[in-house]
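Listed below, chain by chain, are the residues.
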Amino acid sequence: LKRPCFLVLPPVVRGRERATMGVLRSETMGHGTLVLPVESARNFLDQLGHHCNVQVEDMNHATLSRPYRRYIQRLDEMDRIVRFLSESVAATPGYSITRNRLDDFLANESDMTLDGVEETLGKLYRQFVDFKANNDALAEQETAAVEEKFVNETAEKALGQLAGGASEALLGDRLDDGMVFSKVAGVVTRTDQERFARTLFRATRGNTFTHFEEIPEAVRDARTGKVAAKSVFVVYFQGATSSAMYEKVNRICQAFGVSTYAWPATQGAARERIETLKTDIGDKKKTLESFEALFKSELDYMVEKLRETGNSRLEEWRLFVLKEKALYATMNMFEGGITLRANVWFPEEETASIKQVLADESRRRGASAMLIVDQSGGKHPPTYIKRNDYTWAFQELVETYGVAVYKEANPALFTVVTFPFIFGVMYGDVGHGSCLFIAACLMLYHSDTLKYSQPAMYKARFLFLLMGFFAIYNGFIYNDFFGIGLNVFGSRWKQIGDTQYYEADYDISNNGGTGPYPFGLDPAWIGVSNELLFVNSFKMKVSVILGVLQMLVGLMFRFSNAFYHIKTHGWIDLVCECIPMLIFMVSFFGYMDYMILYKWVTPMDQPPMLINTLICMGLGQKDPMPLYDGQSAVQPKLMILTALAVPWILIPKPIILYLKHKASKGKQAEGYVAIEEGGAADAHHEEEFEVGEVVIHQLIETIEYVLGTVSHTASYLRQWALSLAHQQLSLVFLQKTLLIAFDGDGGFGQAVKVYIAFAVWAGITAGVLLGMDVLECFLHTLRLHWVEFQSKFYNPGGHCGYSFVPFRHTTSIATEA
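All figures in this text were calculated on a predicted structure; none of them were measured in a lab.

A. Broad picture of the overall build of the protein. Scanning the protein from terminus to terminus reveals 26 helices and twelve strands. Here the C-alpha atoms of the protein give a radius of gyration of 41 Å, more than 25% beyond the 28 Å that 2.2 N^0.38 yields for 817 residues. The principal-axis extents of the C-alpha atoms in the protein amount to approximately 130 × 100 × 55 Å. A total of 817 residues make up the protein; the buried ones form 42% of that total.

Written as structure tokens, this is what we have:
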């Protein structure tokens, strides 16, 4: 037996990648270990959150150890207090909180401390709880005094109506025959008045008499805290206060939640009690006013703006709590005792700035912190693509479909243009596009106001601007303005006498004469009998051309990914997938686009039907009406290439992968071990190779691409369908409203009819064409980008990437807010 031989290869060092990739590919990421002193970890992390982009990996996900959970609990309590105080401010008329001025807060929040803010919030919370309790108690006492006053006023009135004066009791004493009558008086809401009387009558079998007297002013309801219309009631019944009837009446009063009060024995007693209650009510009102003044002084303190461009004091506390909670939640991801350690991801270009921030803070704190950079680069880096105000919405649309794998091509670079343009193809109308464009301009003008009040609208303002612009552009191409044609440059067709036929007034043979209508559809086509036939043919072909072009751009992205990863994946993807896919696409669908363009620009006496040409090409038949010379020789070759591309995609790649796997297994059996970059021999062999799975995957990939290319080309015809629907809806709305109103002899009646018709037309246009149709075209455009475009290249290996989520105050606080 031969002794095993181990061949040790030197590490392979790749060429230095550019640290900044722009929007075509994600930023080059660095990996390392962040080491912080435990006593100053919060301050170091705070500075990193202000100035750098660092994503911390959770080092305690297995043990679920959270050393700073007590801080989180304290901050949760502070957050609850802030919400309570905010609700108190919102419930008080005339008070509002200046919110969401995040940049000003981050520039001036260094004076706040956790203990100081916690103490202030706790003191305010206790004061407000006491205020509320005292205010509720005083309000209930005042309500009881007011209600009792009205009860005594009712009693005074009733006792004053007795024959013989008001000095004798009303049925309150024992009569000569030994009968005793009692009374129960109180206040009930008018909404419950009828039910209350009916319940008393039925429960006592008619042995009570209830009298109601409406209170002329609204009285506060102790149960709801709101003012309500109420009435004084008096229940007369036979029996003493210790009788069963008295108990039954009291139970009914308790069930309805009414307030009961003592009924005075004499008119003088009632009058005396009224005077006492008036004094009591006045004292309680003064006390309530004092409490209200004190309460409002505290509200003034909380809503006061600390700076001219800053937030209210309460909002500053809220943002501080959110920032501290994010800080301690991030610190919970660190491990260690004396020093805290965590693995971090960061953009490679920010390495120097991160180290500088740590060094500056180390000098201020007298403690040492460091970033230990991992020279191997780490495994599975996150995807970080920089955004600005212009690209934010487009990048968000792309990543909603899925986050690209690290260094894969980013389609947002083209989506910035293709998304609003395809939307414009569907929504093309100068009038409606102008409405959308003006709305976007207003968003831009009020962007500072929308930034925090309507963040979604703020971030999408440039998307709406371009959607409106391209809707106007395509509206000029379609010559459509709210369903009306525009004759800007003068028609290039002239009517033949009084007939319905037209003849060309330009050089149709393209021999140097006058050209056709300079831009867009000639206005002579608007309203003629064959308008739809011509316009539908035009829009259908434009849709196919744009669809094939966008899918070809998707294939170019696939080529870009294959070239970029040649060092790691080899030439397999490029040779066995990209090239045959391009051949398949160009040989049939690209050729179809070529024929459409050739037919447009080449004058012909009898132009052939392209659908017949494609059928003859697919069936291998001779075309009786060729489009150009040599067509019969070109088309069979293109069909052969189209047919050969399918097995080219299907067969070679699984075979090559199997042979490579077999060769690598043979080397391992001979005892050779190759140390690749990073020292990991199994970097690309983390999963066991299964030839059956590879074959099935490639079969699915082939079927999906071949059938998908056909179906996706047809799917782009939705541009034509939606454009047709938009144009016809716009025309119908115009004909059934304004055009009917314009048809008249003039006069005041027609002016009123036009006014009403315009209101109806504007309402339908705003609701249907500027509302639902914009949403419909937006969703169909989104589908074309996600399915038809991005499926050609996005994550071709089937592995999903994940976003780079740095700890940054501007994002963590905004997300929480």
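B. Focus on the state of the cysteines. A full pass over the atoms with the stated rule returns zero disulfides. Cys-435 supplies the cysteine sulfur nearest to Cys-441, a cysteine that is in no disulfide, at a spacing of 12 Å. On the accessibility criterion, Cys-441 (30% relative accessible area) is partly exposed.

C. The arrangement of the sheet that holds strand β7 (residues 230–238) in detail. With antiparallel pairing, the four strands of this open sheet are ordered in space as β4-β7-β3-β8. Looking along the sheet, the strands with just one partner apiece sit at the ends: β4 (208–214) and β8 (259–261). Ignoring which end each strand starts from, the neighbouring axes of this sheet average 25° apart. Pairing of strand β3 (residues 181–189) with β7, which is carried by nine bridges, proceeds in the antiparallel orientation.

D. Local environment of the packing of aromatic side chains. This structure, assessed with the given rule, holds 43 aromatic pairs. The rings of Tyr-401, Phe-414, Phe-557, Trp-786, Phe-789, Phe-793 and Tyr-794 are connected pair by pair, giving a single aromatic cluster. Over the face of the ring belonging to Trp-392 we find Arg-387, whose NZ or CZ atom lies 5.3 Å from the ring centre. Here the guanidinium or amino end of Arg-461 rests over the ring plane of Tyr-458, the centre of that ring lying 4.0 Å away.

E. Quick peek at the side chain of Thr-351. Here Thr-351 is to be found in helix α9 (residues 351–365). A distance of 2.8 Å separates a polar side-chain atom of Thr-351 from the backbone oxygen of Glu-348. In contact with Thr-351, not counting residues within four places along its chain, are Phe-346 and Val-373.

F. Structural view of the packing of helix α20 (residues 631–650) against helix α22 (residues 691–715). Here α20 crosses α22 at 150°, and the two axes come no closer than 8 Å. The angle between α20 and α22 falls in the class roughly antiparallel. By crossing handedness, the relation of α20 to α22 is classed as right-handed. Within the contact between the two elements, α20 uses Val-646, Ile-649 and Leu-650 and α22 uses Gln-698, Leu-699, Thr-702, Tyr-705 and Val-706.

G. Spotlight on the pairing of strand β1 (residues 29–37). Where burial is concerned, most of β1 is hidden: eight out of the nine residues are buried. With nine bridges connecting them, β1 and strand β9 (residues 339–347) associate as antiparallel partners. The residue of β9 that forms the bridge with Thr-33 is Asn-343. With five bridges connecting them, β1 and strand β10 (residues 370–374) associate as antiparallel partners. The residue bridging His-31 from the neighbouring strand is Asp-374, located in β10.

H. Expanded view of the nonpolar core. Counting residues in each nonpolar core, the largest one holds 54 residues, and the members touching the most others are Phe-423, Leu-463, Met-585 and Tyr-705. It is helix α18 (residues 572–601) that provides the largest number of residues to this core, a total of eight residues. The residues touching Phe-423, leaving out its near neighbours within four places in the chain, are Leu-436, Met-467, Val-774, Cys-777, Phe-778 and Thr-781. Residues Val-54, Leu-85, Leu-106 and Val-117 belong to the second largest nonpolar core, which totals 53 residues.

I. Local environment of unusual backbone geometry. Phi is positive for Asn-100, close to 65°, though the residue is something other than glycine. Tracing the chain through its elements places Asn-100 in the loop between α2 (69–90) and α3 (102–108). Look at Phe-482: it is not a glycine, yet its phi comes out positive at around 55°. Structurally, Phe-482 is set in the loop between α15 (461–478) and β11 (493–495).

J. Region of the structure containing the sheet that holds β9. Taking strand neighbours across the sheet as the criterion, the four strands line up as β2-β9-β1-β10 in an open arrangement whose pairing is antiparallel. This sheet does not close on itself; its edge strands, each paired only once, are β2 (55–56) and β10. Pairing of β2 with β9 involves two bridges; the strand directions are antiparallel. What sits directly across from Gln-55, in β9, is Trp-345.

K. A look at the environment of Met-426. Within the fold, Met-426 resides in helix α11 (residues 412–427). When residues no more than four places from it in sequence are discounted, the contact partners of Met-426 are Arg-718, Gln-719, Leu-722, Ser-723, His-726, Cys-777, His-780, Thr-781 and Leu-784.

Conventions adopted
- Residues numbered from 1 in each chain as written.
- Predicted model: local features only at pLDDT ≥ 70, side-chain atom pairs only at ≥ 80, totals over all residues.
- Heavy atoms only, no water.
- Helix = DSSP H or I, 4+ residues; strand = E, 2+ residues; numbered from the N terminus.
- Rg over C-alpha atoms; globule rule 2.2 N^0.38 Å.
- Buried < 20%, exposed > 50% of the residue type's maximum accessible area, 1.4 Å probe, protein only.
- Disulfide = S-S within 2.5 Å.
- Pairing = 2+ DSSP bridges.
- Axes fitted to C-alpha atoms, helices over the stretch in contact; angles between N-to-C directions.
- Phe/Tyr/Trp six-rings, centres within 6.5 Å; stacked < 30°, edge-to-face > 60°.
- Lys NZ or Arg CZ within 6 Å of the ring centre and 35° of its normal.
- Polar contact = N/O pair within 3.5 Å; in protein donor to acceptor, adjacent residues only side chain to side chain.
- Contact = heavy atoms within 4.5 Å.
- Parallel < 35°, antiparallel > 145°, perpendicular 65-115°, else oblique.
- Left-handed = near helix turned anticlockwise from the far one by under 90°.
- Core = buried A, V, L, I, M, F, W, Y, C linked by side-chain atoms within 4.5 Å.

Geometric values such as these leave the question of function open.
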